Amino acid sequence: MTATAAPPATALAELLRSMADDEFVIGFSDSEWTGIAPLLEEDVAMSSLAQDELGHAAALYGLLGELTGTDPDALAYDREPPEYRHCRLLDHGRGDWAMTIARRFLYDTADVIRLEALAEGSWAPLADLVGKLVREERYHRMHAGAWLDRLARSEGEPRDRLLAALIVLAPDAATVFTPIEGEAELVAAHVMDAPMTELEGRWRASIAPVFGDLDLPMPPPATDPERGRLNHGADFDWLWGEFTSIRRADPGATW
Amino acid sequence: MRPKSTPAPVLEAWEVFRQEKDGDPMRHGGSVMAPDAELATHYAREMYGRRQESVRLWVVRRSDVHDLDDGDLLQPPLDRSFKKPGGYVMRDKLAAARAQSGQAKPKARSK
């Protein structure tokens, strides 16, 4: 990778914020399984996975903080719900186990495609971080895939619940690829190798064989792509209340 | 086409062996419960590797382990002291052999 002209800071900040918020929200949401996952080993696995995502969010908020001169903790905790830019796929709450697996499979597969598009990017701080994130996300993708496979192949309640979850998620499934404001500048500066619409095509091609094998319905295009990272809704308001509660209990305290 | 349905999974025990660093022996770490080898491997990774404490794991279905705890075979009652190497000192014999061949004493293996 070669250092080109400084990347467009505003668009870069938008990209980092959307990625950090995605990881932060799915990490917190999946951590709700701690103590109540279907079996003890899975409890540890899902909690560890959720913790990984919070680690990724911390690293991304760190980059964003450096770029904008903002405290990463303030970025994570001190915004109002409408200011978060995670995709609407993650506005669907944890739900049952099938919902969590469906949401995680759709997100992890999309996240891998997004990371690959950034891995050779021209802005070294992000490309370096992405190189590390890709290696950790491999396992996430494997684990979500293993569960998707098992639920889909178990006739009766497991498969029925998975299908129900996929139907609920369908209108928002592709929202990871909501175009970022100023995205064209990021592509022109070689921070990312293609626009989001093209990445969505890559993602569909990557999951089509899995959905085909398991006879699952492919997610349709996003119903409301303009608002793919806006208007988060009641489930997120509740989650926001949870993950900011300690911080708000004593603003400015050092924990 | 609908995928072939699989039978309801049954949890069973898997034994996990771990290697702490390259060159170390595989040591028994513990066990996990899982319905199949793939998830057993994922759970082994979480239980015995998520803090970067292992460089390799072996995951073995417990029922595939051949168990031998037969007292007649392992703890026979008669005197077995003649099977033990105590009293047979190698040190002097090795030193003599080395002197004869002109080889130096090998250094302790680095860890």
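Along each chain, residues carry numbers from 1 onward, in the same order as the chain's sequence is written. Chains carry letters from A onward and ligands carry numbers from 1 onward, assigned in written order. Whole-chain, interface and lining totals are the exception, using all residues; otherwise, since this is a predicted model, local features are given only for residues with pLDDT of at least 70 and side-chain atom pairs are given and counted only at 80 or more.

### Re the overall build of chain B
Part 1: Looking only at helices and strands, one finds three helices and three strands in chain B.
Part 2: The order of helices and strands in chain B, counted from the N terminus, is β-β-α-β-α-α.
Part 3: Computed over its C-alpha atoms, the radius of gyration of chain B comes to 23 Å, more than 25% above the 13 Å expected for a compact globule of 111 residues.
Part 4: Counting only C-alpha atoms and orienting by the principal axes, one finds that chain B spans roughly 75 × 40 × 30 Å.
Part 5: Burial is judged by counting the other C-beta atoms within 10 Å of a residue's own C-beta: 20 or more makes it buried, 12 or fewer makes it exposed, and any count in between marks it as partly exposed, with every C-beta position built from the backbone. Relative to its full complement of 111 residues, chain B shows a buried share of 14%. Secondary structure is summarised from DSSP: a helix means a run of H or I of at least four residues, a strand means a run of E of at least two, and numbering begins at the N terminus for each. Based on C-alpha atoms, the radius of gyration is set beside the globule rule, defined as 2.2 Å times the residue count to the power 0.38.

### Side note on the packing of helix α2 (residues 40-68) of chain A against helix α5 (residues 124-153) of chain A
All names here are of chain A.
Part 1: To get an axis, a line is fitted to the C-alpha atoms, and for a helix only the part in contact is used. The angle between two axes follows their N-to-C directions and goes from 0 to 180 degrees. Contact geometry of α2 with α5 gives a least axis separation of 11 Å together with a crossing angle of 165 degrees. With respect to their mutual orientation, α2 and α5 come out roughly antiparallel. In this structure, α2 crosses over α5, and the sense of that crossing is left-handed. Of α5, the residues touching α2 (which contributes Ala45, Leu49, Asp52, His56, Ala59 and Leu63) are Pro125, Leu126, Leu129, Leu133, Glu136, His140 and His143.
Part 2: Amino acids outside the nonpolar list (Ala, Val, Leu, Ile, Met, Phe, Trp, Tyr, Cys, Pro) and the charged list (Asp, Glu, Lys, Arg) are all regarded as polar, and Gly is one of them. Of the residues that constitute the contact of α2 with α5, the class distribution is eight nonpolar, three polar and two charged. Angles below 35 degrees are treated as roughly parallel, those above 145 as roughly antiparallel, those between 65 and 115 as roughly perpendicular, and all remaining angles as oblique. Crossings are assigned a handedness: left-handed for a near helix turned anticlockwise from the far helix by less than a right angle, right-handed for a clockwise turn. By definition, residue pairs are in contact when their C-beta atoms, positioned from the backbone, come within 7 Å.

### Some thoughts on the nonpolar core
Part 1: Formed by 61 residues in total, the largest nonpolar core has its most connected members in A:Leu16, A:Ala20, A:Leu60, A:Leu89, A:Ile101, A:Ala102 and A:Leu106.
Part 2: If sequence neighbours within four positions are ignored, A:Leu60 has contacts with A:Leu16, A:Met19, A:Ala20 and A:Glu23.
Part 3: For the purposes of this analysis, a nonpolar core is taken to be any set of buried Ala, Val, Leu, Ile, Met, Phe, Trp, Tyr and Cys residues that are connected through C-beta atoms within 7 Å. Membership of the second largest hydrophobic core comes to 14 residues, among which are A:Met46, B:Val16, B:Ala40 and B:Ala44.

### Some words on the interface of chain A and chain B
Part 1: Taken together, the contact between chain A and chain B spans 14 residues of the former and 16 residues of the latter.
Part 2: Going through the elements one at a time, α2 and α5 of chain A are the ones with two or more residues in the side of chain A that touches chain B.
Part 3: Across the side of chain A that touches chain B, the residue classes tally to six nonpolar, three polar and five charged.

### Quick look at helix α4 (residues 97-118) of chain A
Part 1: Along its 22 residues, α4(A) runs 31 Å from first to last C-alpha, staying within 8% of the 32 Å computed at 1.5 Å per residue.
Part 2: Among the 22 residues that make up α4(A), 18 are buried, leaving the element largely enclosed by the rest of the structure. Helix span is expected to be 1.5 Å times the residue number reduced by one.

### Digging into helix α3 (residues 91-101) of chain B
Part 1: For α3(B), a buried count of zero out of 11 residues is recorded, marking the element as mostly open to its surroundings.
Part 2: Just past α3(B), the residue B:Gly102 takes up positive phi, approximately 80 degrees.

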